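Next come the chains, spelled out residue by residue.
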Amino acid sequence: MKFNFTEEQQEFRLVLRRFLSDHSPTTEVRRLMETDDGCDPDVWRQVCQDLGLTGVHIPEAYGGQGFGLVELGIVLEEMGRALLCAPYFASTVLAATTILNVGTEEQKVTLLPPIAAGEMIATLAFAEDSGRWDSSGVEMTATSSGDEFSLSGCKSFVLDGASAGQIVAVARRPGSTGDEGVSLFLVSPDAEGLTRTLLESMDPTRKLARLEFNNVRATLLGAEGEAAAPLSKTMDQAAICLANEMVGGADILRESAVEYSLLRVQFGRAVGSFQAIKHKAADMLLEVEMAKAAAYYAAGAHDEGDDDWPAMASLAKASAGDAYMQAAIHTVQMHGGIGFTWDNDTHLWFKRAKSSEVFLGDSAHHRELMMQRWPE
Amino acid sequence: MSDPTEESVRSEARAWLEANWSPDLGLVEWRHKLADSGWGVPTWPTDWYGKGYSDPLGRVIEEEFDRIGAVSVARTGIRNLAAATLLEHGTKMQKEKFLLRILTGEDTWCQLFSEPGSGSDLAGASTRADKKGNKWIINGQKVWTTSAHHAQYGLLLARTDWDVPKHKGLSYFILDIEQPGVEVQPLRQMNGHASFNQVFFTDAVIEPEFQVSELGDGWKVATTTLMNERRGADGLRRYAKATEKPGRAYAEEAEEIAHQLEPYKWYPQRAGRVDLVLQRARETGKINDPAIRQEIAKLLTMSKSTEWTARRARAAADLGLPQGPEGSIGKLAASNVARKAALVHTMLSGADAMLTGENSTMGGVIAEIFVSTPATSIAGGTDEIQKNIISERVLKLPKEARTDTDRPFRDVPRNIVT
Ligand SMILES: Cc1cc2nc3c(=O)[nH]c(=O)nc-3n(C[C@H](O)[C@H](O)[C@H](O)COP(=O)(O)OP(=O)(O)OC[C@H]3O[C@@H](n4cnc5c(N)ncnc54)[C@H](O)[C@@H]3O)c2cc1C
């Protein structure tokens with residue numbers, strides 16, 4: 001599955017593409033990005049119930065479809081293309097994957113089915129004001145008294161954090177450092193002492209929140225003090241998902257740039273007939289195809305259980321991040337003045353590219369991870 | 001009288017400023033003094049508010065203004081381009097009517113060149129100017145017109161002859177924006193500002209004496225405007241900054257910056273804000289990250305070399321040497337700096353680059369860099385057009401075969417304007 005898709009997978013992609021082009025045209029994207037929770041309930045219901053997308057990689061035992069990251073990657077690539085406004089990445093990718101990686105059997109049985117059905121929207125609150133998605137960066141503390149835990153600290157850049165119905169939060173034992181003493185907790189959004197603030201995001205199609213915890217009661221998810229390794233795995237899986245989402249966005253930008261260059265006439269000919277523009281289009285194709293190859297490979301490597309898949313996850317994230325931003329810059333440029341306007345759709349993807357570039361760690365960070373993990 | 005030297009000019013300017021400058025003067029009143037005395041635009045000809053000094057002497061005088069804190073003549077925005085164009089091509093009447101009010105800042109100007117159908121291909125303009133009686137009647141549409149929403153006058157490129165090749169059928173006019181036949185509609189940009197506009201003409205009227213240069217000379221005159229625009233985009237651009245010092249002239253200047261210059265408030269961000277990079281690197285602690293240090297060093301190298309290239313061009317011009325390639329590459333280099341700066345600011349910001357608005361880093365300034373730098377490689381002629389100019393006019397490489405210049409303009413394929 002690293003180098004090609006099966007017929008079923010291609011069929012699946014086509015169905016999604018049709019659905020999303022009907023239900024997530026940019027008029028809808030523009031409408032939803034102005035709202036606080038940035039999601040159309042009716043479209044969300046179809047995404048969850050009719051298409052079953054919220055459970056794609058959740059095992060059947062927990063109410064999902066039981067596919068792997070390859071299929072999840074297809075979904076994300078198509079959503080990235082269409083800039084679907086929905087809490088999909090927060091709930092299915094971040095929260096469900098975390099629960100799968102750390103939850104006890106009993107927790108998985110209770111928590112995952114509603115997420116798979118789309119009835120519960122969950123999110124993962126990991127990064128703090130320092131903007132790090134690694135356990136060492138966690139400062140929020142969890143104090144225990146008997147079976148009860150109480151969280152204090154701040155989380156930021158939480159995807160759909162202001163609207164999610166369930167929060168999975170990362171905190172550490174007081175006094176612990178590094179990967180030691182890190183645990184995951186379930187927090188109810190209306191728990192006492194929790195304040196959720198919607199942040200103004202660069203990419204208004206992706207809602208972010210800052211959460212302040214002031215002695216908030218929480219339930220332990222999985223084993224106490226042992227979350228660092230499974231969280232790192234979750235982040236690698238999420239990086240693969242994000243890479244696939246990004247190549248979807250980069251691809252449609254590339255297509256729109258080429259399409260415009262054929263329509264736009266200057267000096268008595270289509271601007272796409274100028275070699276400068278042809279070369280730019282060819283460069284974009286090259287960069288986007290390279291990033292796609294990496295995103296698909298990483299998803300395949302994960303599903304096939306290759307030892308080196310985490311290194312490939314970082315490779316794919318960095319590659320897609322650079323290619324997406326570059327495609328966005330080229331696309332504005334190829335449109336000329338029109339490309340710089342609000343009414344032209346390019347900036348919607350440009351802003352998604354900018355925020356995806358740093359979400360879950362920027363390219364330099366992932367290249368460093370990749371080097372650390374590169375097989376001997 | 002002996003030739004002015006740096007020392008003589010410096011002491012003369014200093015003495016004049018000490019005797020005349022006061023922050024308590026009204027802004028317009030002060031600028032009138034500047035225009036009358038020649039100290040406001042000393043490099044302009046003596047007949048027109050200047051002293052005919054060389055550029056280096058002009059810079060000495062600027063230093064004296066900075067030293068004493070005196071407000072200068074109005075010189076930001078398109079009015080600069082209007083002044084340069086009129087000084088070179090305008091009639092005596094046009095210079096008398098417009099130059100002084102440009103210097104005092106009483107009139108704001110805009111550049112009515114680009115159209116929906118013609119941007120890079122400016123000579124493909126299809127806004128029409130038809131003679132009716134002795135007046136010109138204008139119909140058509142312009143776009144991306146910065147400041148049109150509060151300009152009094154526009155520099156207009158319009159077609160007066162459709163039966164000759166495109167460059168030959170254009171004429172250049174001064175258009176009074178504040179008339180019934182002109183409608184200005186703001187256009188919002190991807191950074192949320194609306195500093196440019198669409199401008200529609202329906203039988204707008206221009207008096208015959210507001211034609212600049214001869215009929216059919218429009219392209220030649222527009223070239224003067226564009227050369228000045230591109231020269232100004234070489235990385236040495238200074239942006240007007242309000243001061244909080246007490247005094248009527250300062251307050252009125254601050255008012256001017258807040259209102260007339262409002263469309264330009266994101267322009268420093270569009271250039272990439274290299275000036276903020278080291279400060280941000282220290283604040284974020286990333287100054288010690290070897291990977292980021294390399295990128296910052298590359299950016300500073302680009303930015304400094306761009307500045308020095310522009311200074312070499314100026315130094316050569318000061319010595320009266322012919323322009324070398326340094327002159328043409330400034331705008332292109334500035335685009336590269338802007339793009340690289342956006343990348344470095346992203347690395348410095350990390351996850352904070354996901355945020356925007358007043359509560360984000362530096363009150364939104366950093367976010368504004370990300371969504372404004374793409375304008376640098378488009379406004380005033382795209383990077384691709386700059387490269388064509390450099391390769392064909394500077395390097396003298398063969399021109400692309402053209403099919404749009406060898407026939408009457410009406411037969412050239414073009415966009416359908418809707
Ligand atoms: C912030 C901003 C402010 C502006 N202010 C003003 C203003 O005040 N007044 C005004 O008149 N205009 C203004 N402009 C317009 C600007 O000058 C034009 O947008 C620019 O010249 C490009 O023209 P266009 O938008 O029609 O793009 P197009 O010419 O349609 O270009 C589309 C693409 O084709 C490429 N292309 C075109 N021709 C060639 C070629 N021969 N070879 C290779 N590639 C080519 C371009 O580089 C670009 O990538 C402003 C623009 C911006 C972004």
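Keep in mind that this is a model prediction, so the values were computed, not measured.

1. Things to note about helix α7 (residues 248-259) of chain B
Consideration 1: Here α7 of chain B contains 12 residues, and its C-alpha end-to-end distance of 16 Å stays within 8% of the 16 Å for a straight helix at 1.5 Å per residue.
Consideration 2: Looking at the packing, one finds that the buried side of α7 of chain B touches α2 (27-37) and α3 (55-68) of chain B.

2. Here's the deal with the pairing of strand β3 (residues 135-143) of chain B
Residues and elements named next belong to chain B.
Consideration 1: As defined by bridge partners, strand β2 (residues 128-132) adjoins β3 across five bridges and the pair is classed as antiparallel. Note that in β3 the partner of Asp130 across the bridge is Ile137.
Consideration 2: Count of turn residues in the β2/β3 antiparallel hairpin: two residues, of which Gly133 carries a positive phi of about 65°.

3. Focus: the packing of aromatic side chains
Consideration 1: Following the criterion strictly, the structure yields 23 aromatic pairs over all chains and no others.
Consideration 2: Judged by centre distance (5.9 Å) and plane angle (90°), the ring pair of Phe267 of chain A and Phe274 of chain A falls under edge-to-face.
Consideration 3: The buried category is assigned to Phe274 of chain A, whose relative accessible area is 17%.
Consideration 4: If you follow Lys354 of chain A out to its NZ or CZ, it ends over the ring of Phe370 of chain B, 4.6 Å from the centre.
Consideration 5: Positioned above the aromatic ring of Tyr267 of chain B is the side chain of Arg270 of chain B, whose terminal nitrogen or guanidinium carbon lies 4.1 Å from the ring centre.

4. Structural notes on the site of the ligand
Consideration 1: Near the ligand lie 30 residues; those nearest to it are Arg264 and Gln333 of chain A together with Ser120, Trp144 and Glu384 of chain B.
Consideration 2: Neighbouring residues of the ligand are not confined to a single chain but are spread across chains A and B.
Consideration 3: Interatomic distance of 2.8 Å between a backbone N/O atom of Ser114 of chain B and an oxygen atom of the ligand.
Consideration 4: The side chain of Thr146 of chain B places a nitrogen or oxygen atom 2.8 Å from a nitrogen atom of the ligand.
Consideration 5: Burial of the ligand by the protein chains amounts to 96% of its free accessible area of 980 Å².
Consideration 6: Within the residue set of the shell around the ligand, elements represented by two or more residues are α8 (275-303) and α9 (309-335) of chain A together with α13 (383-394) of chain B.
Consideration 7: The biggest single contributor to the shell around the ligand is α13 of chain B, with three residues.
Consideration 8: For the shell around the ligand, the per-class residue count stands at 13 nonpolar, 14 polar and three charged.

5. Some thoughts on the layout of surface pockets
Consideration 1: Considering only enclosed or pocket space, the second largest pocket measures out at about 940 Å³ in volume.
Consideration 2: Lining the second largest pocket are 40 residues, and of these Gly131, Arg132, Asp134, Gly361 and His365 of chain A sit closest to its centre.
Consideration 3: Going through the elements one at a time, α7 (228-263) and α11 (363-373) of chain A together with α10 (290-318) and α11 (326-349) of chain B are the ones with two or more residues in the lining of the second largest pocket.
Consideration 4: Here the lining of the second largest pocket is composed, by residue class, of 16 nonpolar, 13 polar and 11 charged.

6. Brief notes about the nonpolar core
One recurring pattern in soluble globular proteins: nonpolar side chains tend to sit buried together.
Consideration 1: If you look at the biggest cluster of nonpolar residues, it comprises 198 residues, and the most contacted ones within it are Tyr88, Phe89 and Trp133 of chain A together with Trp30, Trp109 and Leu175 of chain B.
Consideration 2: Sorting elements by how many residues they give to this core places α9 of chain A first, with 13 residues.
Consideration 3: If we ignore the near neighbours within four places in the chain, the residues touching Trp133 of chain A are Phe126, Ala127, Phe157, Met235, Val358, Phe359, Leu360 and Gly361 of chain A together with Ala351 and Met354 of chain B.
Consideration 4: Among the nonpolar cores identified, the runner-up in size contains 18 residues, and Val158, Ile167, Ala209 and Ala218 of chain A belong to it.

7. A short note on the domain arrangement of chain A
Residue and element names in this part refer to chain A.
Consideration 1: Looking at chain A, the domain boundaries give domain 1 (7-120), domain 2 (123-226) and domain 3 (229-373).
Consideration 2: Between domain 2 and domain 3, the C-alpha centre-to-centre distance is 30 Å.
Consideration 3: Taken over both partners, the interface formed by domain 2 and domain 3 buries close to 1200 Å², and the fraction arising from carbon and sulfur atoms is 69%.
Consideration 4: The interface formed by domain 2 and domain 3 includes two salt bridges.
Consideration 5: Our enumeration of links across domain 2 and domain 3 arrives at three residue pairs in polar contact (both at pLDDT 80 or more).
Consideration 6: A per-class count over the side of domain 2 that touches domain 3 returns nine nonpolar, two polar and three charged.

8. Overview of the pattern of salt bridges
It is possible for side chains of opposite charge to pair when their charged atoms get near one another.
Consideration 1: Inspection of the entire model under this criterion finds 57 salt bridges over all chains.
Consideration 2: Salt-bridge contacts for Glu255 of chain A lead to Arg81 of chain A; the nearest nitrogen and oxygen are separated by 3.0 Å. With Glu255 of chain A in helix α7 and Arg81 of chain A in helix α4 (residues 69-82), the pair connects residues that are 174 residues apart, well separated along the chain.
Consideration 3: On the basis of relative accessibility, which here comes to 10%, the residue Arg81 of chain A falls in the buried class.
Consideration 4: We note a salt bridge from Asp121 of chain B to Lys166 of chain B, for which the minimum N-O separation is 2.9 Å. Of the two residues, Asp121 of chain B sits in the loop between β1 (109-112) and β2 while Lys166 of chain B sits in the loop between β4 (153-159) and β5 (170-176), which places them 45 residues apart along the sequence.
Consideration 5: The exposure class of Asp121 of chain B is buried, given its relative accessible area of 6%.
Consideration 6: Through salt bridges with shared partners, a single ionic network connects Glu6, Arg10, Arg14, Glu18, Glu63, Glu64 and Arg67 of chain B.

Here is what the cut-offs are and how they apply
Residues numbered from 1 in each chain as written. Chains lettered and ligands numbered in written order. Predicted model: local features only at pLDDT ≥ 70, side-chain atom pairs only at ≥ 80, totals over all residues. Heavy atoms only, no water. Helix = DSSP H or I, 4+ residues; strand = E, 2+ residues; numbered from the N terminus. Expected span 1.5 Å × (residues − 1). Contact = heavy atoms within 4.5 Å. Pairing = 2+ DSSP bridges. Phe/Tyr/Trp six-rings, centres within 6.5 Å; stacked < 30°, edge-to-face > 60°. Buried < 20%, exposed > 50% of the residue type's maximum accessible area, 1.4 Å probe, protein only. Lys NZ or Arg CZ within 6 Å of the ring centre and 35° of its normal. Near = heavy atom within 4 Å. Polar contact = N/O pair within 3.5 Å; in protein donor to acceptor, adjacent residues only side chain to side chain. Areas by Shrake-Rupley, 256 points an atom, 1.4 Å probe, with all protein chains shown as cover. Nonpolar A, V, L, I, M, F, W, Y, C, P; charged D, E, K, R; others polar. 1 Å grid on protein atoms, 1.4 Å probe; cavity = no way out; pocket = protein on both sides within 12 Å on 5 of 7 lines; lining within 4 Å. Points joined across faces, edges and corners; volume = space filled by probe spheres on them. Core = buried A, V, L, I, M, F, W, Y, C linked by side-chain atoms within 4.5 Å. Domains from an automatic or database assignment. Buried area = accessible area lost by both parts, 1.4 Å probe. Salt bridge = Lys/Arg side-chain N within 4 Å of Asp/Glu carboxyl O.

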